Amino acid sequence: MAVLIHPTYFPTVAHFVAIAKSNAVVFEVADNFVKQTYRNRAYIYGANGLLQLNVPVVYSQKNRKPYAEVTVFKGEKWQLQHWKSLESAYKTSPFFEFYEDELKPLFFEQVEGLLDFNLKCFGVICDCLQLDVSTSKTTIYEKTSSTATDFRCLVDAKKNTDFNLQAYTQVFSAKHGFIPNLSILDLLFNEGPNALNYLEAQHLQPC
C-alpha cells in the first residue's frame with residue numbers, strides 16, 4: 001500500500017523506512033506550511049554531536065501560506081554553509097566521496113520554492129539508494145487518508161523519537177554514542193549501498 005508523507009528537507013531515516021517498505025509514495029502538498037518541522041530542517045551528526053541544518057524561508061506566522069507557495073530566503077548563504085557542514089561531518093565516513101558528485105550540485109544551484117527543492121532532493125536520494133518508487137501528489141488536504149498509510153506525523157521535528165531503529169556505525173559514535181533518526185544523509189554516508197537493506201529491515205508503526 002502507498003504511504004502518505006510530507007516532502008521534507010533530506011528526510012529522516014524513519015521517513016525512508018516507511019518509503020522503502022511501501023510500493024508507492026503520496027506526497028502531501030495540499031497542506032499549509034508549519035514551522036519547526038522537517039519541511040525546512042534536517043539533523044546530521046557533527047563533531048560536537050547533533051547539528052541542525054535549517055533552510056531559511058519567507059514566512060509569517062500571521063499570514064499562513066500553503067506549503068507549495070513558500071519560497072526560500074535568498075539573503076543567506078545557507079546552501080554553502082550546509083555543504084561545508086556535511087563535508088566537516090562526513091568527509092571521513094566510508095561513503096561520502098562515493099555520493100559526493102550526485103549530492104553536491106544541490107547545494108550550488110539557485111533555489112526558489114521549498115517544496116520543489118525538497119522533491120528534487122528526494123529524487124537524488126532515491127537515485128543514491130537505488131530505490132525505485134512511484135510517486136504522486138495530493139490535490140486536496142484530508143485529515144484522514146483512506147487510500148494510503150498515513151505517516152505524515154513524521155514531519156514533526158519537535159516529537160522526534162528513535163522509533164527503535166537499529167544502531168549502525170556513525171563517524172563520531174565512539175565520542176557521543178549512536179544518534180538515531182537523523183537525516184537519511186547520515187545513513188547513506190555511513191552505510192553506502194547497504195543503506196537500503198538497513199531500511200527494509202526496520203519496523204515502523206503508522207501514525
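Keep in mind it's a predicted model, so treat the numbers as computed, not measured.

Chemist: Account for the overall build of the protein, with residues named and values stated.
Modeler: Scanning the protein for helices and strands turns up seven helices and eight strands. By principal-axis analysis of the C-alpha atoms, the protein measures approximately 45 × 40 × 30 Å. Every one of the 207 residues in the protein was classed for burial, and the buried ones make up 52%. Total accessible area on the protein stands at roughly 10300 Å², and carbon and sulfur atoms take up 48% of it. Separation between the mean location of the 19 positive side-chain charges and that of the 21 negative ones in the protein comes to 10 Å.

Chemist: Residues and numbers for the sheet that holds strand 8 (residues 149–150), please.
Modeler: The parallel open sheet is built from four strands, whose spatial order is 7-2-1-8. Each edge of the open sheet carries a strand with a single partner, namely strand 7 (134–137) and strand 8.

Chemist: How would you explain the packing of helix 2 (residues 78–90) against helix 3 (residues 96–103) if you had to name every residue and give the values?
Modeler: Across the interface, helix 2 lies against helix 3 with an axial gap of 12 Å and an inter-helix angle of 170°. Judged by the inter-axis angle, helix 2 sits roughly antiparallel to helix 3. Residues W83, L86, E87 and Y90 of helix 2 form the contact with helix 3, whose own contacting residues are F96, E100 and L103. Class assignment for the residues of the contact of helix 2 with helix 3 results in five nonpolar, no polar and two charged.

Chemist: Mind laying out helix 4 (residues 114–129), listing which residues take part and the relevant values?
Modeler: Structurally, the α-helix is built with 3.6 residues per turn, so residues lying three or four positions apart point the same way. Its 16 residues give helix 4 an end-to-end C-alpha distance of 22 Å, which sits within 8% of 22 Å, the value for a rise of 1.5 Å per residue. Counting buried residues along helix 4, 12 of its 16 residues qualify, which places the element largely inside the surrounding structure. Within helix 4, burial applies to L114, L115, F117, N118, L119, C121, F122, V124, I125, C126, C128 and L129. Looking one or two residues past helix 4, Q130 carries a phi angle of roughly 55°, positive in sign.

Chemist: Residue-level account of the state of the cysteines, with values.
Modeler: According to the stated counting rule, one finds one disulfide in the structure shown. Note on cysteine connectivity: C153 is disulfide-linked to C207, with sulfurs 1.8 Å apart. Between C153 and C207 the disulfide shows an S-S torsion of about -80°. By sign, it is left-handed. Here the residue C153 occupies a position in the loop between strand 8 and helix 5 (173–176), and C207 occupies one in the segment after helix 7 (195–201), the gap between them amounting to 54 residues.

What counts, and where the lines are drawn
- Residues numbered from 1 in each chain as written.
- Predicted model: local features only at pLDDT ≥ 70, side-chain atom pairs only at ≥ 80, totals over all residues.
- Heavy atoms only, no water.
- Helix = DSSP H or I, 4+ residues; strand = E, 2+ residues; numbered from the N terminus.
- Buried < 20%, exposed > 50% of the residue type's maximum accessible area, 1.4 Å probe, protein only.
- Areas by Shrake-Rupley, 256 points an atom, 1.4 Å probe, with all protein chains shown as cover.
- Lys, Arg positive; Asp, Glu negative; His and termini not counted.
- Charge placed at Lys NZ, Arg CZ, Asp CG, Glu CD.
- Pairing = 2+ DSSP bridges.
- Axes fitted to C-alpha atoms, helices over the stretch in contact; angles between N-to-C directions.
- Parallel < 35°, antiparallel > 145°, perpendicular 65-115°, else oblique.
- Contact = heavy atoms within 4.5 Å.
- Nonpolar A, V, L, I, M, F, W, Y, C, P; charged D, E, K, R; others polar.
- Expected span 1.5 Å × (residues − 1).
- Disulfide = S-S within 2.5 Å.

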